[in-house]
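Structural features, examined
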Amino acid sequence: MHEYSLVEALIRRVEEEARSRRAVAIHGLKVSLGELAGVDPELFQTAFETFRQGTLCERTALEVVHYPARWVCPRCGKTFARGDILRCEPCGAPAQLTPQSDALLLDAIDMEIP
Ligand SMILES: [Zn+2]
């Protein structure tokens, strides 16, 4: 399961970050999850609850911000949703997928540094 390895990598990265700043606790994590990232949000949450046991993230609140798939015209900035024709008529330009649409990103770590 792909979600498990993603969560494992995420927790490892958060722990490294916390250790390098001598944090004693991690209160919260904020993650951006794009609709096209290929990650099941429920599985991701379950994986987090499984993997965090015995780590610095044991009592950490996980906030997942969901980004729907969106495309944007590189010339005029018009946005397109899933199911739209992905070409901007007035500009004649193909719409481009926004970076958040298919990404899983760690946005913020709320940690306690004594
Ligand atoms: Zn346009």
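Residues numbered from 1 in each chain as written. Predicted model: local features only at pLDDT ≥ 70, side-chain atom pairs only at ≥ 80, totals over all residues. Heavy atoms only, no water.

We count it as follows: UniProt positions are given in the numbering used here, feature names are shortened, and annotations may be inferred rather than shown by experiment.
The name given to the chain in an unreviewed UniProt entry is Hydrogenase maturation factor HypA, with Anaeromyxobacter diazotrophicus as the source organism. You can read under Sequence similarities (unreviewed entry) in the UniProt record for the chain the words "Belongs to the HypA/HybF family." Note on the chain: under the UniProt heading Function (unreviewed entry), the record states "Involved in the maturation of [NiFe] hydrogenases. Required for nickel insertion into the metal center of the hydrogenase."

**Considerations on the sheet that holds strand 4 (residues 79-81)**
Stated precisely, the cut-off is as follows: Following DSSP output, two strands are said to pair if at least two bridges run between them. Segments assigned H or I by DSSP are reported as helices when at least four residues long, segments assigned E as strands when at least two residues long, and all are numbered from the N terminus.
Pairing is antiparallel in the open sheet, where three strands are placed in the order 4-3-7. The outermost strands of the open sheet, each flanked by one partner alone, are strand 4 and strand 7 (96-97). Of the strand pairs in this sheet, strand 3 (residues 70-72) and strand 4 are connected by three bridges, and their pairing is antiparallel. Considered in strand 4, the bridge of Val72 is made with Thr79.

**Remarks on the environment of Glu89**
The line we're drawing: Relative accessibility thresholds used throughout: buried, under 20% of the residue-type maximum; exposed, over 50%; partly exposed, between the two (1.4 Å probe, protein chains only).
As for its position among the elements, Glu89 is in the loop between strand 5 (87-88) and strand 6 (93-94). The class for Glu89 is exposed, based on a relative accessible area of 69%.

**Thoughts on the coordination of the zinc ion**
We apply this condition: Metal donors: N, O and S atoms at distances within 2.8 Å, or within 3.2 Å for Na, K and Ca, with water omitted from the atom set so that some sites may seem incomplete. Labels for metal geometry use angle windows, namely 85 to 135 degrees for all angles of a four-donor tetrahedral site, and for square planar (four donors) or octahedral (six donors) sites opposite donors over 155 degrees apart plus all others within 65 to 115; sites meeting none of these are irregular.
Note on the zinc ion: its protein donors are Cys73 (SG), Cys76 (SG), Cys88 (SG) and Cys91 (SG). The metal-donor distances range over 2.3 Å. Classification of the site at the zinc ion as tetrahedral follows from its four donor atoms and the range of 108 to 112 degrees in their angles at the metal. Linear spacing of the donor residues for the zinc ion on their chain is C-x2-C-x11-C-x2-C. One end of the pair, Cys73, is in the loop between strand 3 and strand 4; the other, Cys88, is in strand 5, with 15 residues separating them in the sequence.

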